[in-house]
Amino acid sequence: MKRTIFVVALSVAGFIAVWRFEPGPVHNTAVAQAPPSVAAPSTAPAPPASTSPSSTPSAPSTSDSANATVTTQGTPESSNYGTVQVQVTFTGTRMVAVTLLQAPDDGRALTALPRLQEEAMKAQSADIDTITGATETSESYKTSLQAAIDARGSR
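Values in this document were obtained by computation on a predicted structure and should not be read as measured data.

Visitor: Would you take a moment to explain the side chain of T75 for this structure?
Guide: Residue placement: T75 occurs in the loop between β2 (69-73) and β3 (77-79). Separated by 2.4 Å, the side chains of T75 and E77 make a polar contact.

Next up, the structure:
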């Protein structure tokens, strides 16, 4: 009987420790993995002061605009946990990099944002699943990503 009480007490203590766990900072979350032929920037530039999506060509325009490299920024999207803003680099119509310009610096967003970037690169769209436990951050990410994609479409 004494052994059972000890095991139950330790189990409850372990459960509480896991339940109260907050993830620490994740390093190198600013850049999604780009294909080997395209080098992703190592640091994110400061976001512009305006809140409307903008697009900036990264290379001089040529007569072959189908394979031009274009970088667009999504709108900054606020939630209770912080602001999320992304920048997307396209080569032709394909997303080759998704960079975070603004992101929450604590909480569950730290683990959710890299997963959202990975899913966006796989899906090549903003039609990705939300991350459980980081729903507001996920929705902000998807909204900013869609604004960047829409800005590319208007070019």
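Visitor: Sorry, what's going on with the packing of aromatic side chains here?
Guide: To describe a pair of aromatic rings, you give the distance between the ring centres and the angle between the ring planes. Per the stated rule, a full pass over the model turns up zero aromatic pairs. Above the face of the F90 ring, R152 is positioned so that its terminal group lies 5.9 Å from the ring centre.

Visitor: Any chance you could explain the environment of F90 here in plain terms?
Guide: By the element assignment, F90 lies in strand β4 (residues 82-91). Look at F90 and you get buried, because its relative accessible area is 3%. In this structure the C-alpha to C-alpha distance between F90 and V70, which are 20 residues apart in sequence, comes to 5.2 Å. If we skip the residues at most four places from it in the chain, F90 touches A68, T69, V70, T72, M95, V96, A148, I149 and R152.

Visitor: Any chance you could explain the pairing of strand β5 (residues 94-102) here in plain terms?
Guide: Look at any regular strand and the pattern is simple: side chains alternate between the two faces of the sheet. Within β5, seven of the nine residues are buried, which leaves the element mostly enclosed by the surrounding structure. The antiparallel hairpin formed by β4 and β5 contains two residues in its connecting segment, where G92 sits at a positive phi of about 70 degrees.

Visitor: I'm lost on the pairing of β2 in this one. Help?
Guide: β2 sits mainly inside the fold: four of its five residues count as buried. Pairing geometry for β2 and β4, over five bridges, is antiparallel. Bridge pairing in β4 links T71 to T89.

Visitor: Is there a simple way to explain helix α2 (residues 109-123) in this structure?
Guide: One turn of the α-helix equals 3.6 residues, which is why residues spaced by three or four share an orientation. Between the first and last C-alpha of α2 there are 20 Å, a value that for 15 residues agrees with the 21 Å anticipated at 1.5 Å per step. Taken together, the buried positions of α2 are A109, L110, A112, L113, L116, Q117, A120 and M121. Here the buried residues of α2 occupy an arc of 165 degrees about the axis, which is enough to place them on one side. Of the residues trailing α2, Q124 is marked for its positive phi of about 55 degrees.

Visitor: Please explain the environment of L116 as it appears in this structure.
Guide: Looking at the element boundaries, L116 is found in helix α2. Take L116: its relative accessible area is 0%, and that puts it in the buried class. Once the C-alpha coordinates of L116 and D129 are considered, the two residues, 13 residues apart in sequence, prove to be 8.1 Å apart. With sequence-adjacent residues up to four places away left out, L116 is seen in contact with I128, D129, I131, S138 and Y141.

Visitor: It is not clear to me how the nonpolar core should be interpreted in this structure. Could you clarify?
Guide: Note that soluble globular proteins tend to have their nonpolar side chains buried in a common cluster. Counting 20 residues, the largest nonpolar core has V86, V88, M95, V98, Y141 and L145 as its most contacted members. Going through the elements one at a time, β4, β5, α2 and α3 (135-153) are the ones with two or more residues in this core. The greatest single-element share of this core, amounting to six residues, is contributed by α2.

Analysis parameters
- Residues numbered from 1 in each chain as written.
- Predicted model: local features only at pLDDT ≥ 70, side-chain atom pairs only at ≥ 80, totals over all residues.
- Heavy atoms only, no water.
- Helix = DSSP H or I, 4+ residues; strand = E, 2+ residues; numbered from the N terminus.
- Polar contact = N/O pair within 3.5 Å; in protein donor to acceptor, adjacent residues only side chain to side chain.
- Phe/Tyr/Trp six-rings, centres within 6.5 Å; stacked < 30°, edge-to-face > 60°.
- Lys NZ or Arg CZ within 6 Å of the ring centre and 35° of its normal.
- Buried < 20%, exposed > 50% of the residue type's maximum accessible area, 1.4 Å probe, protein only.
- Contact = heavy atoms within 4.5 Å.
- Pairing = 2+ DSSP bridges.
- Expected span 1.5 Å × (residues − 1).
- Arc of directions from axis to C-beta.
- Core = buried A, V, L, I, M, F, W, Y, C linked by side-chain atoms within 4.5 Å.

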